[in-house]
Amino acid sequence: MNRRTLLLGTAGAALVAAAGGWISNQTRFVRPAAAEDTGTTPAQTPPPAAGATPEIVPDIPLGSPDAKVTMIEYGSFTCPHCADFHNEVFGQLKKDYIDTGKVRFIFREVYFDKFGLWAGMVAQCGGALKYYGIVDMIYTEQRDWFGDGKAQTISDNLRKIGLRAGLTKEQLDACMNDQAHAQAMVATYQKHATDDSIDATPSFVINGQKYSNMSYADMKKILDEKLAG
């Protein structure tokens, strides 16, 4: 099975299968294919009706709205390189540039598979106030919540992350079964990734210019040049 189109039969299935097929498979979190969904996994979501236009989910910015530089990261929650960036680079980036008001940061989710979409549904369930905290938990614990790669295990583990972040079971149930929002998430991913020509993760758009994954030293050089320009 081509893991780039693994979303068949799950929330946002048809949309993500159509959108995700062109993303580079080299960035994928390689694990055994999942078993069939059983138990309390997110509900199946039919594609939008013909002619329907799903809403676009607004960005959740981090940092000063008056920052001279805006940096967008495109990342997948099931991408190991994205987890490496978050765990090894993002903390320093936040300390040096975001918290100091120099950079306005935006994280945009990319969906390679149903599990990345489910993780996004949990992250967005807490709203803007909890979003980046949950994103941090998802990336820090990526291998743990993926577990044995089975759909039920992953669903249960993602819900546990949501509960530890302060969400209630009822909130998580509502979020994980919100078909309209799942469709909107996928439509948002499609639009932004197409507009910015994203073909791998993590990718970065800094003041409108696209960059591939890089070291913190290289990123710092780019940011300093744009801040000085």
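Per-chain numbering applies: the sequence of each chain, read as written, is numbered from 1 onward. Restriction of local features to residues with pLDDT of at least 70 applies here, the model being predicted, together with a cutoff of 80 or more for giving and counting side-chain atom pairs; totals for whole chains, interfaces and linings are based on all residues. Side-chain calculation: all heavy atoms of the structure are included, whereas hydrogens and water are not.

K.L.:
So, the pattern of salt bridges: which residues are in play, and what are the values?
P.N.:
We define a salt bridge as a contact between a side-chain nitrogen of Lys or Arg and a carboxyl oxygen of Asp or Glu at a distance within 4 Å. Tallying each qualifying case throughout the model produces 8 salt bridges. Lys 220 serves as the salt-bridge partner of Asp 224, at 3.3 Å between the closest nitrogen and oxygen. On the criterion of helical spacing, the pair formed by Asp 224 and Lys 220 is a turn pair, its members being 4 residues apart in helix α9 (residues 216-228). Each of the salt bridges in this network shares a partner with another, and the network as a whole consists of Asp 59, Arg 108 and Asp 196. Helix and strand assignments come from DSSP, with helices taken as H or I runs of at least 4 residues and strands as E runs of at least 2, each series counted from the N terminus.

K.L.:
Pulling in residues and values, what's your account of the packing of aromatic side chains?
P.N.:
For Phe, Tyr and Trp, rings pair up if their centres lie within 6.5 Å, where Trp contributes its six-membered ring, and each pair is then called stacked (planes under 30 degrees apart), edge-to-face (over 60) or tilted (otherwise). In this structure the tally under the stated criterion is 11 aromatic pairs. A ring pair is formed by Phe 77 and Phe 107, whose centres lie 5.6 Å apart and whose planes are at 45°; its orientation type is tilted. Note that Phe 77 is positioned in the loop between β2 (69-75) and α2 (80-98) and Phe 107 in strand β3 (residues 103-109), a separation of 30 residues in sequence. In this structure, Phe 77 and Phe 107 share a single accessibility class: buried. Within the aromatic cluster, the residues linked to one another by ring pairs are Phe 90, Phe 105, Tyr 131 and Tyr 132. Only protein chains enter the accessibility calculation, which uses a 1.4 Å probe; a residue is then buried when its area is under 20% of its type maximum, exposed when over 50%, and partly exposed in between.

K.L.:
Help me get a handle on the packing of α2 against helix α4 (residues 127-140), residues and values and all.
P.N.:
Their axes nearest at 9 Å, the elements α2 and α4 cross at an angle of 120°. For the pair α2 and α4, the crossing hand works out as left-handed. Of α4, the residues touching α2 (which contributes Cys 82, Ala 83, His 86 and Asn 87) are Val 135, Asp 136, Tyr 139 and Thr 140. Note on residue categories: nonpolar means Ala, Val, Leu, Ile, Met, Phe, Trp, Tyr, Cys or Pro, charged means Asp, Glu, Lys or Arg, and polar means any other residue, Gly included. Here the residues of the contact of α2 with α4 are counted per class, giving 4 nonpolar, 3 polar and 1 charged. Axis angles are defined between N-to-C directions and span 0 to 180 degrees, where every axis is a line fitted to C-alpha atoms and, for a helix, only to the segment in contact. Two helices cross in a left-handed way if the nearer one is turned anticlockwise from the farther one by less than a right angle. They cross in a right-handed way if the turn is clockwise. What makes two residues a contact is simply this: any of their non-hydrogen atoms within 4.5 Å.

K.L.:
How would you sum up the sheet that holds strand β4 (residues 203-206)? Please name residues and give values.
P.N.:
By this definition, two strands are paired if DSSP reports at least two bridges between them. On the basis of which strands lie adjacent, the open sheet formed by 5 strands has the order β1-β3-β2-β4-β5 and mixed pairing. The open sheet has two free edges, formed respectively by β1 (61-62) and β5 (209-211), since each of these has just one partner strand. Sheet topology note: the β2/β3 ladder contains 7 bridges and is parallel. Within β3, the position partnered with Thr 70 by the bridge is Arg 104. The strands touched by α2 within the sheet are β1, β2, β3 and β4, with β3 carrying the most contacts at an inclination of about 160°. In the packing of α9 onto the sheet, contacts are made with β2, β3, β4 and β5, and the angle to β2 comes to roughly 150°.

K.L.:
Talk me through empty space enclosed by the protein; I want residue IDs and the actual numbers.
P.N.:
In this analysis, the protein atoms alone were mapped onto a 1 Å grid. Cavities are point sets where a 1.4 Å probe fits without being able to get out; pockets are open sets with protein on both sides within 12 Å along at least five of seven lines; lining residues have an atom within 4 Å of a point. Grid points are joined across faces, edges and corners, and a volume is the space filled by probe spheres set on the points. Summed over all chains, the structure comprises 1 cavity of 30 Å³ or more. The calculated volume of the largest cavity comes to roughly 40 Å³. When contributions to the lining of the largest cavity are tallied by element, the ones reaching two or more residues are α2, β3 and α4. Sort the elements by how many residues they give to the lining of the largest cavity and α4 lands first, with 3 residues. Its residues assigned to classes, the lining of the largest cavity shows 6 nonpolar, 1 polar and 1 charged.

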